[in-house]
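# Summary of the model geometry
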Amino acid sequence: MTCVRTGNIGTAENRGVDSSGFGTRDVPLAQSDMNKAASPSGLAAVIGRSLFPVIALVLLAGTFVWGPWVTLGATYAWWRLVGRIG
Amino acid sequence: MNMGTPAGRSSGKGLFAHPEDLHCVLFQLFLVAGFALAFTMWNVWDSVPSLASYGHAGRNAFAVAAAMLLGWSSGINVGVNFHNHSHRKVFNAAWMNRWFGRFWTVSGGWPAYYWEHSHVTVHHAHLLESVDWTLPKRKANGEWESIYVYALAHWPFRYVAHLWDDAVSGRYGAKFGRKMAVEFAWFVAIWMIPPVVLGFDPLAVALLWLLPQWLANVAVMAPGMYAQHAGCSVKTADAPFGHSNTFVNRFFNLTMFNIGYHIEHHDHPSVHWSELPRFHETMKARYIDAGARVLPIGYYRGGQLLCRGEWVSSQRDLFFVQHADYVRPSNVVEAPAAPERSVVDVPVRAS
């Protein structure tokens, strides 16, 4: 059995959280040693997790093919769709 | 039993602190590519026949679409992606964390250090307390202000006022104000790159650089922040999970780096974002027993319901509908609250 040591809310561990290079964290934290969570992998993970900027790239580049008004309409449709399913 | 290693230290292996963090960097790179593409298309519009035929009205329509798409992604990039980095560094090298961070938040209209201070030092350390100025203000009756008021007022207006106060008050130490000044200088230097690329064309800068930043904060980060803690209260022994809402919509969490697992995140911020779904499973029974609010939707749907709920109360009620799998059985006798512990060992199954 493995364990994950976690910082509880309101504790120094929570406040200190981590160092992202700016030197704001002075409290060392325990790192999770849990096994890799059930999550997508490979191309599915790349597209899934970067879906929004990838869609942006596709729609913007597609303007060369279908023109700016279709891009604007598709953007609005995408915005509305995510508002329903996300 | 392995208790892990201090997250603040480098493992000394490879580029990334966690293999899944590759996706955080890819997101940022795709976003930068999107901005570069949009700037280039604006600059060459009149010289490319397939674009020039739509005239400047078409060019402006393209720019509005680009602002929506890139602003949306920038909001995720700061509020979710850099957010994860602010809790657990992405790279093993400190200088890479610092410099990637400085570039990471600019398209969202934030100096990285400022956002990190607001989120970690203010929001996480004082969640829902009166000094947590990152959240909506409370009205006289204790309810939160309108989501519209919060969205329009919080960035940049309230944030600037509070950050300035933090910088000059000295409450964060003598060097804090100087560090804020240095990081602001770096932010301005990086922030000025797109206006230079766009030749300081006012319309281009407004549509392709300023508008995305406004949308990132007002239309993406603010509703998300509001939804994460709507209807919540300060953590107590009687309501240990009442400080946040958890959202378990699969599409949302797949595309938003599992930010929906928000009770888990606030209680255990050092759990890596990729491990939150599994960590959630270990906590599920406790959440059901304690009546934690677990919602079947994501922030997008949630934000929409909260916005409509300003006029139609039934829409707001829909936001708070508990996920069917997390409804506490009515015949359960409430257990006494567990004593507070600073560190929790959560057993998980080894593979």
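Throughout, a residue's number is its position along its own chain's written sequence, starting from 1. Throughout, the order in which chains and ligands are written sets their labels, letters from A for the former and numbers from 1 for the latter. In view of the model being predicted, local features appear only for residues whose pLDDT reaches at least 70, and side-chain atom pairs are presented and counted only at 80 or more, with totals across whole chains, interfaces and linings using the full set of residues. Side-chain numbers here rest on the full set of heavy atoms in the structure, without hydrogens or water.

## Some words on a nonpolar patch on the surface
Residues and elements named next belong to chain A. Rules: Patches draw on residues past 30% relative accessible area with no salt bridge. Two like charges within 9 Å are joined, as are two nonpolar side chains (Val, Leu, Ile, Met, Phe, Trp, Tyr) within 5 Å. Per-residue and other accessible areas follow the Shrake-Rupley method at a 1.4 Å probe size, with only the shown protein chains counted as cover for residues. One speaks of a salt bridge when a side-chain nitrogen belonging to Lys or Arg is within 4 Å of a carboxyl oxygen belonging to Asp or Glu. Numbering of helices and strands runs from the N terminus; a helix is a DSSP stretch of H or I covering at least four residues, while a strand is a stretch of E covering at least two.
Together, V58, F64, V65, W66 and V70 make up an exposed nonpolar region whose accessible area comes to about 460 Å². With 4 residues, the top contributor of residues to the nonpolar patch is helix α3 (residues 51-66). Within the secondary structure layout, W66 lies in helix α3.

## Examining the confidence of the model for chain B
All names here are of chain B. As a reminder, the rule being used: The quantity known as pLDDT measures the predictor's confidence residue by residue, on a range of 0 to 100. Contact between two residues is taken to exist if any of their heavy atoms lie within 4.5 Å; hydrogens are not considered.
Overall, the prediction assigns chain B a mean pLDDT of 91, with 91% of residues at 70 or greater. Here residues 1-10 scores under 50 on pLDDT; set against residues more than four positions off or in separate chains, the count is 29 contacts. This stretch, residues 334-351, has a pLDDT under 50; its non-local contacts, to residues over four places away or in other chains, come to 39 contacts. Reported confidence for the predicted complex is 0.87 by ipTM and 0.85 by pTM.

## Concerning the pattern of salt bridges
We count it as follows: For the exposure calls, accessible area comes from a 1.4 Å probe over protein chains only, and a residue counts as buried if that area is under 20% of its type's maximum, exposed if over 50%, partly exposed in between.
Enumeration according to the criterion identifies 7 salt bridges over all chains in this entry. In this structure, B:E20 engages A:R49 in a salt bridge whose closest nitrogen and oxygen atoms are separated by 2.4 Å. Of this pair, B:E20 sits in the segment before α1 (22-44) while A:R49 sits in helix α2 (residues 42-49), on two different chains. Overall, the relative accessible area of 5% leaves B:E20 in the buried class.

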